[in-house]
Number of protein chains: 2
Amino acid sequence: MDSIKGVKEPVESDVESFFSKAPPLKDCDKLFEKLKGFIDRVVRSSENGKPVRVVCVTSGGTTVPLEQRCVRYIDNFSSGNRGAASTEYFVKAGYAVIFLYRWGSCQPYCRYLPQDSFLDFFEIAEDSTIKGMCFCSMIILLMSESHDVVVKRSISEYRKAVEGGMLLKLPFTTIFEYLQILQMVALSMDCLKSLGMFYLAAAVSDFYVPWENMAKHKIQSAEGPLDMRLTQVPKMLSVMRKDWAPAAFCISFKLETDPDILLQKADTAMRKYGMHVVVANELATYKSEVTVVTRCGKTKVCSRAKDHDLEMELVDILVEQHSDYIKKFESGIK
Amino acid sequence: MDSIKGVKEPVESDVESFFSKAPPLKDCDKLFEKLKGFIDRVVRSSENGKPVRVVCVTSGGTTVPLEQRCVRYIDNFSSGNRGAASTEYFVKAGYAVIFLYRWGSCQPYCRYLPQDSFLDFFEIAEDSTIKGMCFCSMIILLMSESHDVVVKRSISEYRKAVEGGMLLKLPFTTIFEYLQILQMVALSMDCLKSLGMFYLAAAVSDFYVPWENMAKHKIQSAEGPLDMRLTQVPKMLSVMRKDWAPAAFCISFKLETDPDILLQKADTAMRKYGMHVVVANELATYKSEVTVVTRCGKTKVCSRAKDHDLEMELVDILVEQHSDYIKKFESGIK
């Protein structure tokens, strides 16, 4: 569809150096098997019917360790709500979702469960042997009736998605883990060609401390102020578009606090990294308003009420654009 | 008991400047009322019988915002397990506990609940109207039978602690919130004299960016590496001992990654800030081993098995030392 003209390529050695010097990914082989199994199942089920699309949703913020034996780290603010909500709507739209999320951030189908003080919602039933249910505990979640319906629906939808092979959850914490897993996912999804989508909602650090420059032990606080120099993280978006999964449909996010520069930065990001769509959002209003930026124009998406997820409409728009992209891709217009 | 000789006093203006320039604490008045109510109830119940001791347990890590409209922040690693477990043992020992914890970190009586993927443990019961229990949801936590017993006990102990007025939970996120609330708690606990205890297990940032030096908007990543200068956080431990709650029994924690400097640093901290006890732990072994450092010597506390909380023995030792301190305080030996 669109060529990646004008992409400022990251110096190849920066990218190579980032990966070669990163601490090795734990359980790398197991992760790869899990991922391969998930994608293979999707491909097989596609052969027997309508092609199944796969989206990799990234969600939550990455951390940047400041010490090798990590006590301190820089974190990026992100609740993970956007990614979690979007995942639910992608599953509803028939997509298989690889949910690459920050450990501890919001997860799909969990958004209506009580947060933080879970214990306040539990009640122990007196009789734990009712109707042959002695196989399980009778610890019961207390909720209002309306809330109850939502939570029950969430739990059964979650079960359906996981058991139906439509949801794979992969956690990360550091920027090193995030980019290593993202690369693995992208290379594994390359076989899906235009059926693959990347929905890159994670808040990824722009700066990091290269592993070999990092203090080995906890930084001592005895002597005056602390000066730190952070290196720029190589821009992996263009590497993804060029090398990892060139045929996939790519959506990235731009979050700014200053509305005056937001849309211009979104536009630049789209052209610079060859994104098909950039979703622009402001920190102050990100829950209630985003702007979908494409080469053809800008569309504002707003939530219509307090409890209305704007992700519902956002995912609708993106699914439609993905459909167009697939059609054009298949007819050879790139 | 011990005078605070040799304390390197933080320059008063550093402390004043930290508080006067910090962003104002949200819901400050409500928080104060809650705290006052809790301590008043304890004092009243003490008047009718055995004096109730109060411990403020701090737990989890503080964040340091890098931008005023915060997207990025520095965080300190801490699961909050130590503080949460210790709180349970302090309540068991008859203490009223003010649990000052990082939002989202581990909480007392929650340690045996499943983490991260809670949904995997829920089952929806078919019949939600059994035995008049239609007032509540029939969403049931699936657990093994042995696990079940522990969770049920946790839930009922939690209820008992909260309903009996023995547990008050106050959350924080940033270093500004942490120190502002700690000051408020300490000033409110001063009336308890030697019956008050501080168990400062939170991982508190040593460095911060003063609010007025902070970037107003998200730091832009366009131009090369990022240089940051962080200011030292004034050492509030000695201010607490000297001004906020001079008669309280104070325990601080020292975490290091380098075992060679750990005990020496713990000893220095004890003398420098006038702590009664410093608990020294190493990052690599903090779950299974700590050393209790006092002016009289060092005691190693180890967990005896995988599921054995070393906090049980640690709290026992500290309660005993607190009893000695109270006796000496009451007989006028300071």
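- The name an unreviewed UniProt entry gives chain A is DNA/pantothenate metabolism flavoprotein C-terminal domain-containing protein, with Zingiber officinale as the organism.
- Its UniProt record gives chain A the following Sequence similarities (unreviewed entry) comment, quoted word for word: "Belongs to the PPC synthetase family."

**Some points on the pattern of salt bridges**
Residues and elements named next belong to chain A.
Reasoning step 1: One pass over the full model with this rule turns up 24 salt bridges over all chains.
Reasoning step 2: Arg82 is the partner of Glu311 in a salt bridge, and the nearest nitrogen-oxygen pair spans 3.0 Å. Of this pair, Glu311 sits in helix H8 (residues 310–330) while Arg82 sits in helix H3 (residues 81–92), placing them 229 residues apart in sequence.
Reasoning step 3: Glu311 gets classed as buried once you look at its relative accessible area, which sits at 8%.

**Some thoughts on H8(A)**
All names here are of chain A.
Reasoning step 1: Its 21 residues place the ends of H8 30 Å apart at the C-alpha level, agreeing with the 30 Å of an ideal helix rising 1.5 Å per residue.
Reasoning step 2: Listed in full, the buried residues belonging to H8 are Leu310, Glu311, Leu314, Val315, Ile317, Leu318, Val319, His322, Tyr325, Ile326 and Phe329.
Reasoning step 3: Where H8 is buried, its residues touch H3, strand S8 (196–200), strand S11 (249–256), strand S12 (277–282), strand S13 (289–294) and strand S14 (297–302).

**Some thoughts on the environment of B:Met214**
Residue and element names in this part refer to chain B.
Reasoning step 1: Along the polypeptide, Met214 turns up in the loop between strand S9 (207–208) and strand S10 (226–232).
Reasoning step 2: Sequence separation between Met214 and Arg159 is 55 residues; the distance between their C-alpha atoms is 42 Å.
Reasoning step 3: Met214 has contacts with Pro65, Leu66, Glu67, Gln68, Phe176 and Val209, leaving out every residue within four places of it along the chain.

**A short note on the nonpolar core**
Reasoning step 1: Within the largest apolar cluster, 124 residues are counted, with the highest numbers of intra-cluster contacts made by A:Ile98, A:Leu182, A:Phe198, B:Ile98, B:Leu182 and B:Phe198.
Reasoning step 2: The contact partners of B:Phe198, leaving out residues within four places of it in the chain, are B:Cys56, B:Leu182, B:Val185, B:Ala186, B:Met189, B:Met240, B:Ala245, B:Ala248, B:Phe249, B:Cys250 and B:Ile251.

**Observations regarding the sheet that holds strand S1 (residues 54–59) of chain B**
Residues and elements named next belong to chain B.
Reasoning step 1: Taken in spatial order, the 8 strands of this open sheet run S7-S4-S1-S8-S11-S12-S13-S14, and their pairing is mixed. The open sheet has two free edges, formed respectively by strand S7 (167–172) and strand S14 (297–302), since each of these has just one partner strand. Each strand of the sheet is rotated relative to its neighbour by a mean of 15°, with strand direction disregarded.
Reasoning step 2: Two elements, S1 and strand S4 (residues 96–102), share 6 bridges in a ladder whose sense is parallel. Of the residues in S4, the one forming a bridge with Val55 is Val97.
Reasoning step 3: Contacting strand S11 (249–256), strand S12 (277–282), strand S13 (289–294) and S14, helix H7 (residues 259–273) crosses the sheet at an angle of about 165° to S12.
Reasoning step 4: Running at roughly 150° to S14, helix H8 (residues 310–330) makes contact with strand S8 (196–200), S11, S12, S13 and S14 of the sheet.

**Let's talk about unusual backbone geometry**
All names here are of chain A.
Reasoning step 1: One non-glycine residue, Asp27, lies in the positive phi region at around 55°.
Reasoning step 2: Note on placement: Asp27 falls in the loop between helix H1 (12–21) and helix H2 (28–47).
Reasoning step 3: Under the relative-accessibility criterion, Asp27 is labelled exposed at 52%.
Reasoning step 4: In this structure, Tyr109 takes a positive phi of about 70° despite not being glycine.
Reasoning step 5: Inspection of the secondary structure assignment puts Tyr109 in the loop between strand S4 (96–102) and strand S5 (122–124).
Reasoning step 6: Residue classification places Tyr109 among the buried positions, given a relative accessible area of 3%.

**Structural notes on the packing of helix H2 (residues 28–47) of chain B against helix H5 (residues 175–189) of chain B**
Residues and elements named next belong to chain B.
Reasoning step 1: Where H2 contacts H5, the two axes come as close as 10 Å, and the packing angle between them is 35°. For the pair H2 and H5, the crossing hand works out as right-handed. Contact with H2, carried on its side by Cys28, Leu31, Phe32, Leu35 and Ile39, involves Ile181, Met184, Val185, Ser188 and Met189 of H5 and no other residues of that element.
Reasoning step 2: Taken together, the residues that form the contact of H2 with H5 break down as 9 nonpolar, 1 polar and no charged.

**Observations concerning the packing of aromatic side chains**
Two measures describe an aromatic ring pair: the distance that separates the ring centres and the angle between the ring planes.
Residue and element names in this part refer to chain B.
Reasoning step 1: If you walk through the whole model with that rule in mind, you get 29 aromatic pairs over all chains.
Reasoning step 2: Relative to Phe253, the ring of Tyr199 lies with its centre 5.0 Å away and its plane at 75°, an arrangement referred to as edge-to-face. In this pair, Tyr199 sits in strand S8 while Phe253 sits in strand S11, placing the two residues 54 residues apart along the sequence.
Reasoning step 3: Classification of Tyr199 by relative accessible area gives buried; the value is 0%.
Reasoning step 4: Joined through ring pairs, the aromatic side chains of Phe18, Phe19, Phe176, Tyr208, Trp211 and Trp244 make up one cluster.

**Some points on the state of the cysteines**
Here is the idea: a disulfide is a covalent bond, and it sits between the sulfur atoms of two cysteines.
Reasoning step 1: According to the stated counting rule, one finds 0 disulfides over all chains in the structure shown.
Reasoning step 2: With no disulfide of its own, A:Cys106 has A:Cys110 as its nearest cysteine by sulfur position, at a separation of 6.9 Å.

**Observations regarding the packing of H5(B) against helix H6 (residues 236–244) of chain B**
All names here are of chain B.
Reasoning step 1: Viewed as axis vectors pointing N to C, H5 and H6 meet at an angle of 25°, and their least axial separation amounts to 10 Å. With respect to H6, the axis of H5 lies roughly parallel. The interaxial crossing formed by H5 with H6 has right-handed handedness. Across the interface between the two elements, Leu179, Leu182, Gln183, Ala186 and Leu187 from H5 touch Met236, Met240 and Trp244 from H6.

**Details of the environment of A:Met184**
Reasoning step 1: Residue placement: A:Met184 occurs in helix H5 (residues 175–189).
Reasoning step 2: What A:Met184 contacts, discounting residues up to four positions off in sequence, is A:Leu25, A:Cys28, A:Leu31, A:Phe32 and A:Leu35.

Calculation rules
Residues numbered from 1 in each chain as written. Chains lettered and ligands numbered in written order. Predicted model: local features only at pLDDT ≥ 70, side-chain atom pairs only at ≥ 80, totals over all residues. Heavy atoms only, no water. UniProt positions renumbered as here; feature names shortened; annotations may be inferred. Salt bridge = Lys/Arg side-chain N within 4 Å of Asp/Glu carboxyl O. Helix = DSSP H or I, 4+ residues; strand = E, 2+ residues; numbered from the N terminus. Buried < 20%, exposed > 50% of the residue type's maximum accessible area, 1.4 Å probe, protein only. Expected span 1.5 Å × (residues − 1). Contact = heavy atoms within 4.5 Å. Core = buried A, V, L, I, M, F, W, Y, C linked by side-chain atoms within 4.5 Å. Pairing = 2+ DSSP bridges. Axes fitted to C-alpha atoms, helices over the stretch in contact; angles between N-to-C directions. Left-handed = near helix turned anticlockwise from the far one by under 90°. Nonpolar A, V, L, I, M, F, W, Y, C, P; charged D, E, K, R; others polar. Phe/Tyr/Trp six-rings, centres within 6.5 Å; stacked < 30°, edge-to-face > 60°. Disulfide = S-S within 2.5 Å. Parallel < 35°, antiparallel > 145°, perpendicular 65-115°, else oblique.

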